[in-house]
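# Overview (structure and organization)
Residues per chain, in single letters:
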Amino acid sequence: MTTQLTSRSRYFTLLGTVITQFALGSVYTWSLFNSQLAGKLSEPVSRVAFSFGIMSLALAVASSMAGKMQERFGVRNVTLGAGVLLGVSLLLTAHATNIWLLYIFAGLLIGFADGTGYLMTLSNCVKFFPERKGLISACAIGAYGLGSLGFKFINMYFLEHNGLESTFDYWGIIAMVMVIIGGLMMKDAPKQQVSATESAAEVRDFSLSQSMKCPQFWMLALVFLTVCMSGLYVIGVAKDIGQGYVHLSLDVAASSVAIIAVANLGGRLVLGVLSDKMARTKVVAISLAVCLIGVCALLFAHQSQMSFYVAVACIAFSFGGTITVFPSLVSDFFGLNNLTKNYGIIYLGFGVGSFIGSIVASIFGGFIATFYLMFALLIVSLIIALTIKLPKLPQPSLA
C-alpha cells in the first residue's frame, strides 16, 4: 500500500509540476506587450522593456529563497501562494498607470511569484525520481519552455480580440488556475534515504553553508553564469544582431526567433536525456563546446545568413540544455536533500547574467565586446567542466 501511495504521489507530483511549469513559462511572452505598454504609458519601448530585466532578477532572487519557504510551509502551500500572487500581479499590471507601477507589478511581483514556483517545484519533483533526474528535469523545464510558446498564441489571440488590459486579466486568471491545480497535485518529496550498502557518512547531503565552502560550488556557479549570460544576451537581441551586426533584412533576422525556440527545446530534451546516460560534467562540457562554436561563428566566421543561424542555434541549444542538466548536476555534487537551497544560490547567476551582457555592450558600444567576454568565459568554463571533481564529503559534526 505504501509503495502504491508513493508511486501515485510521484506521478501526481510530476503531472502537477508540468502543469505549473507550463503556466510559469508564460512570462517569456513579455516582448509581445512592450510596444502596446509603451503607447499606453507614453514611454520609450526601451524603458518598458527594462521591466523584463527586473523580472528576471526578481525571479532569480525568489528562487534562492524558495527552499526556506518550502521548509516552513510545504511545496503545496508555497505553490498555491505563488499562483495567487502571479494572477494578482498580472491583474495589477493591466491597470498600471505609470512606468514605476509597471516595474513594481510586472518586474518585482511577477518575477517573485514566478521564481518562487519555478525552482522549488522543479527541485521537489527531481527528488521523487533520483534514478531519472535528467529525464525529469527535461520534462519539467521543457514544460516551462513550451509554456512560453503556448501562451504566445493564447496572448496574441486575446490581444487581437480583446485589447491590452483584458489580455492581462485573462492571462492572470488562466495562469493562476493552472498553478493552483498543479500545486494541489504536489506533495513534498521524502528525504534521501541511506541504502543498505552505504553508511550515512557516504551519502552526499551538503547543507548550503557546507556547499558554499567548497570551491566546486563557485566553479559550478561560474559555469552557470557564463551559459546564462551568453544565452540570455543572444536570445534577447538576436534580431538586432542579425540586422545591425550581420546586416540581414528584418524578415530574415526575425526568423531567428523560431530557430532559437526549436534549438532551445532541443537542447533541453537531448541533453536532459543524455545526462542520465553519461557523466553530467561531460554533458555540460559538450554543451559549452556547442556554445563556443556559436560564439566563434559570430566572432571569426564570415558573416552570412547561414553563419548567423548556426550561431544562434548553437547558443540557444546550449542554454536550454545546460539549465536542464544543472539541477541534477548540483545534486550529484551536493546531494538531493538541500537541492532547492544549493541550486537557488547558483541560480542567482540567471538574474545577474541577464544584465551583464547588455551592460558590457552599452559600455563598450556594441556587440563585439560582449561576444569576446562570452568567448573568454566559455574557455574558462569548459576547462572547469573537463577537470572538476566531486567535493570531499563533509565531516560529520560531533554531538
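What you see is a predicted model; the values in this text were computed from it and never measured.

### Details of the layout of surface pockets
Its boundaries defined by the atoms lining it, the largest pocket holds a volume of some 1,800 Å³. In terms of lining, the largest pocket is formed by 48 residues, of which the most central are Y28, S31, F52, I235 and G236. At the level of elements, α2 (34–41), α3 (45–73), α6 (133–162), α9 (215–236), α10 (238–245), α12 (256–274), α14 (305–334) and α16 (348–364) are the ones that each hand at least two residues to the lining of the largest pocket. The element contributing the most residues to the lining of the largest pocket is α12, with nine residues. The residue makeup of the lining of the largest pocket, split by class, is 29 nonpolar, 15 polar and four charged. Looking at the lining of the largest pocket, you find at least three residues from each of domain 1 (7–189) and domain 2 (207–389).

### Some remarks on the side chain of R280
Within the secondary structure layout, R280 lies in helix α13 (residues 280–299). Classification of R280 by relative accessible area gives buried; the value is 11%. Engagement of the side chain of R280 in a polar contact is seen with the side chain of D276, the distance being 2.9 Å. If we ignore the near neighbours within four places in the chain, the residues touching R280 are K133, G134, S275, V325, S328, L329 and D332.

### Some details on the domain arrangement of the protein chain
By domain assignment, the protein chain separates into domain 1 (7–189) and domain 2 (207–389). Between the C-alpha centres of domain 1 and domain 2 the distance comes to 22 Å. Tallying the contact residues gives 34 residues for domain 1 and 29 residues for domain 2. Summed over both partners, the interface of domain 1 with domain 2 comes to about 2,500 Å²; 69% of that surface belongs to carbon and sulfur atoms. It is K127, K133 and I141 that lose the most area in domain 1 upon contact with domain 2, and together they represent 21% of the buried surface on that side.

### Examining α13
Taking 1.5 Å per residue, 20 residues should reach 28 Å; α13 reaches 28 Å between its end C-alpha atoms and fits that length. Judged by how many residues are buried, α13 sits mostly within the fold: 15 of 20 residues are covered.

### Considerations on the side chain of T281
Of note, T281 is situated in helix α13. Since its relative accessible area comes to 18%, T281 is described here as buried. Setting aside residues up to four positions removed in sequence, T281 forms contacts with L329, F333, A385 and I388.

### Comments concerning the packing of aromatic side chains
All chains considered together, the criterion is met by 32 aromatic pairs. When the centroid spacing of 5.1 Å and the interplanar angle of 80° are considered together, the rings of F217 and W218 count as edge-to-face. Residue classification places F217 among the buried residues on the basis of a relative accessible area of 0%. Ring geometry for F224 against Y343: centres 5.7 Å apart, planes inclined by 75°, an arrangement best described as edge-to-face. Here F224, found in helix α9, pairs with Y343, found in helix α15 (residues 339–346); they are 119 residues apart in sequence, far enough to count as distant. What makes F224 buried here is its relative accessible area of 0%. Aromatic ring contacts, followed pair by pair, group Y28, F52, Y118, Y144, F224, F319, F326, Y343, Y347 and F350 into a single cluster.

### A closer look at α10
By the burial criterion, the buried members of α10 are A238, I241, G242 and Y245. Down the axis of α10, the buried set is contained in an arc of 110°. They therefore lie on one face. Downstream of α10 by one or two residues, H247 has phi in the positive range, about 65°.

### Concerning empty space enclosed by the protein
Going through the model one piece at a time under the given rule, you end up with one cavity of 30 Å³ or more. Reported here for the largest cavity is a volume of approximately 40 Å³. If you go around the largest cavity, the residues you meet are L220, V223, T281, V284, L329, I384, A385 and I388. Elements supplying a minimum of two residues to the lining of the largest cavity: α9, α13 and α17 (367–387).

### Side note on the pattern of salt bridges
Using the criterion set out here, one finds eight salt bridges in the structure. Note that R10 is salt-bridged to E131, the shortest N-O span being 2.7 Å. Taken as a pair, R10 in helix α1 (residues 2–24) and E131 in the loop between α5 (99–128) and α6 lie far apart in primary sequence, 121 residues in all. Given the relative accessible area of 46%, E131 is considered partly exposed. Ionic pairing is found between E165 and K40, a salt bridge with its closest N-O pair at 3.3 Å.

Scoring rules and cut-offs
- Residues numbered from 1 in each chain as written.
- Predicted model: local features only at pLDDT ≥ 70, side-chain atom pairs only at ≥ 80, totals over all residues.
- Heavy atoms only, no water.
- 1 Å grid on protein atoms, 1.4 Å probe; cavity = no way out; pocket = protein on both sides within 12 Å on 5 of 7 lines; lining within 4 Å.
- Points joined across faces, edges and corners; volume = space filled by probe spheres on them.
- Helix = DSSP H or I, 4+ residues; strand = E, 2+ residues; numbered from the N terminus.
- Nonpolar A, V, L, I, M, F, W, Y, C, P; charged D, E, K, R; others polar.
- Domains from an automatic or database assignment.
- Buried < 20%, exposed > 50% of the residue type's maximum accessible area, 1.4 Å probe, protein only.
- Polar contact = N/O pair within 3.5 Å; in protein donor to acceptor, adjacent residues only side chain to side chain.
- Contact = heavy atoms within 4.5 Å.
- Buried area = accessible area lost by both parts, 1.4 Å probe.
- Expected span 1.5 Å × (residues − 1).
- Phe/Tyr/Trp six-rings, centres within 6.5 Å; stacked < 30°, edge-to-face > 60°.
- Arc of directions from axis to C-beta.
- Salt bridge = Lys/Arg side-chain N within 4 Å of Asp/Glu carboxyl O.

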